[in-house]
Amino acid sequence: IDLTGTISDFIYLFFFPNAKLQADLTLEAKHFNLDNFKKPGVKQQKQNTPTKRISKTVNSLLENLKGNISVNAQKVTYHKLNAQNVNGKVIIGNTYITCEDLSTTIANGRFLLNGSLQGIGTAKPTVNLRSNIKGADISTLFYQLENLQQTAITSKNIKGLLDADIAFNSNLSKDLKPIPSSISGDYNLTLKGGELINMDALNQISKNVFKKKDFSDIQFAQLNAAISQKGNDLTISEMEIKSNLMTLYVNGVYSFKENTELFIKVPLKSLNAKEADLVTDFKNDDAKVGISINLKATKENGKLKVSPVLFRKKDK
């Protein structure tokens, strides 16, 4: 790692202990491995013990340091995550890290990141993140992100190229992992050239409703989804899945706990392979959709259960 730059206002610290120390730095590295850094613990309260002047100065320096760092790293790794050509600005303070327009390549896709990690060294750290993603291989991305700590959709279940706008906020545990119950987020996703492979929810449809259809490998040209998250629940606005087997319309709540209530609509005409390509893009227009089969997916003891319903829940 090559670190160059300037530090200003250093002399002021000897006369004004609360003065801010400013560092403007450039960091260049071939491989920056974040696994080499120890996670910060909770800062202990100061004890009223005599402290030498030089020690006070050093403590003040560390607590008041603000580092503006221009990052240029060929590779940054953290656990399975592998980011290439990382460029942008990182601001570091005593209890926070902020990134501004940090660009990188992950899973062969371009990422632009803005966000901050607040409360480092406290009992209640938080993270907020805004990200724009273009053309990432979603299977590789899920693998590198360790499937986002969930098992409903893993790197083995999904393929395709992902474009996305993501807003994510969460409280963090002491080892800086998101606390699921505190998560809030909005995700606008487009998946191109995708496949859904051996997904439990779709296999349940095949097993209980369309027994002559094989849902183990569904292919589609493009999937658009608008999803909001609050705690363990994901709310899905009406999502059209136009596949090689049929067209599905899905909306409702998918929960990592027990609150799942997904409504699935299958136009009968899309079950005919010859007519499947004729189903045009439409949304909440029953006159165009025609006669449909309506299903509801719920969760019992951690397992998805799909059953027919007479009326489909309308998307808000």
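Residues numbered from 1 in each chain as written. Predicted model: local features only at pLDDT ≥ 70, side-chain atom pairs only at ≥ 80, totals over all residues. Heavy atoms only, no water.

Quick look at the overall build of the protein chain
Looking only at helices and strands, the protein chain has 6 helices and 16 strands in total. Relative to its full complement of 316 residues, the protein chain shows a buried share of 40%. Relative to all contacts within the protein chain whose residues are 6 or more apart in sequence, the contacts with residues 24 or more apart total 52%. A total of about 18,800 Å² of accessible surface is found on the protein chain, and carbon and sulfur atoms cover 54% of it. (Helix = DSSP H or I, 4+ residues; strand = E, 2+ residues; numbered from the N terminus. Buried < 20%, exposed > 50% of the residue type's maximum accessible area, 1.4 Å probe, protein only. Contact = heavy atoms within 4.5 Å. Areas by Shrake-Rupley, 256 points an atom, 1.4 Å probe, with all protein chains shown as cover.)

Focus on unusual backbone geometry
Of note, asparagine 85 is a non-glycine position whose phi angle comes to about 50°, a positive value. Assignment of secondary structure puts asparagine 85 in strand β5 (residues 81-92). Non-glycine residue asparagine 147 carries a positive phi angle of around 55°. Along the chain, the position of asparagine 147 falls in the loop between α3 (138-144) and β9 (158-171). When its relative accessible area of 17% is taken as the criterion, asparagine 147 is described as buried.

Side note on the pairing of β9
In this sheet, β9 lies alongside strand β8 (residues 126-137) in antiparallel orientation, the contact comprising 10 bridges. Note on β9: the bridge partner recorded for aspartate 137 is leucine 161. Strand direction decides the pairing type here: β9 and strand β10 (residues 184-197), joined by 11 bridges, are antiparallel. Residue pairing in the sheet places alanine 167 in a bridge with aspartate 186 of β10. (Pairing = 2+ DSSP bridges.)

What about the nonpolar core?
Membership of the largest hydrophobic core comes to 57 residues, with the highest contact counts inside it found for Leu202, Ile205, Phe215, Leu248 and Ile264. Considering each element in turn, this core owes the most residues, 5 residues, to strand β11 (residues 217-230). Excluding its chain neighbours within four sequence positions, the residues that come into contact with isoleucine 205 are Phe210, Phe215, Ile264, Leu295 and Val306. (Core = buried A, V, L, I, M, F, W, Y, C linked by side-chain atoms within 4.5 Å.)

Section: a nonpolar patch on the surface
A contiguous nonpolar surface patch, about 690 Å² in accessible area, is contributed by Ile7, Phe10, Ile11, Tyr12, Phe15 and Phe16. Within the fold, isoleucine 11 resides in the loop between β1 (2-8) and α1 (12-15). (Patch = residues over 30% accessible without salt bridge, like charges linked within 9 Å, V, L, I, M, F, W, Y side chains within 5 Å. Salt bridge = Lys/Arg side-chain N within 4 Å of Asp/Glu carboxyl O.)

A look at the side chain of threonine 154
With respect to the secondary-structure elements, threonine 154 resides in the loop between α3 and β9. Accessibility expressed as a relative area gives 15% for threonine 154, which makes it buried. Aside from chain neighbours lying at most four places away, what touches threonine 154 is Phe142 and Asn147.

Let's talk about the packing of aromatic side chains
In this structure the tally under the stated criterion is 1 aromatic pair. Ring centres 5.8 Å apart and planes at 85° place the aromatic pair tyrosine 254 and phenylalanine 256 in the edge-to-face group. Under the relative-accessibility criterion, phenylalanine 256 is labelled partly exposed at 33%. (Phe/Tyr/Trp six-rings, centres within 6.5 Å; stacked < 30°, edge-to-face > 60°.)

Here's the deal with the pattern of salt bridges
Side chains carrying opposite charge are able to pair once their charged atoms draw close together. Within the structure shown, the criterion is met by 2 salt bridges. A salt bridge links glutamate 300 to lysine 305; the shortest N-O distance between them is 3.9 Å.

Focus on the environment of asparagine 157
Mapped onto the elements of the fold, asparagine 157 is located in the loop between α3 and β9. Separated by 39 residues in sequence, asparagine 157 and leucine 196 have C-alpha atoms that sit 5.6 Å apart. Filtering out sequence-adjacent residues up to four positions away, asparagine 157 remains in contact with Ala152, Glu195, Leu196, Ile197, Asn198 and Met199. A distance of 3.5 Å separates the side chain of asparagine 157 from the backbone oxygen of asparagine 198, its partner in a polar contact. (Polar contact = N/O pair within 3.5 Å; in protein donor to acceptor, adjacent residues only side chain to side chain.)

Remarks on the pairing of β1
Of all 7 residues that make up β1, 0 are buried, and the element is exposed over most of its length. With 7 bridges joining them, β1 and strand β2 (residues 21-29) adopt antiparallel strand pairing. Paired with serine 8 across the two strands is glutamine 22, which belongs to β2.

Notes on the confidence of the model for the protein chain
Model confidence for the protein chain is summarised by a mean pLDDT of 83, while 81% of its residues fall at 70 or above. This stretch, residues 275-284, has a pLDDT under 50; its non-local contacts, to residues over four places away or in other chains, come to 22 contacts. (pLDDT = per-residue confidence, 0-100.)

Overview of the environment of leucine 161
Position of leucine 161 among the secondary structure elements: in strand β9. Other than its neighbours up to four places away in sequence, leucine 161 contacts Gly135, Ala136, Asp137, Thr190, Leu191 and Lys192.

Some remarks on the environment of glycine 121
Locating glycine 121 in the fold gives a position in the loop between β7 (109-118) and β8. A C-alpha to C-alpha distance of 9.1 Å links glycine 121 and tyrosine 96, two positions 25 residues apart in sequence.

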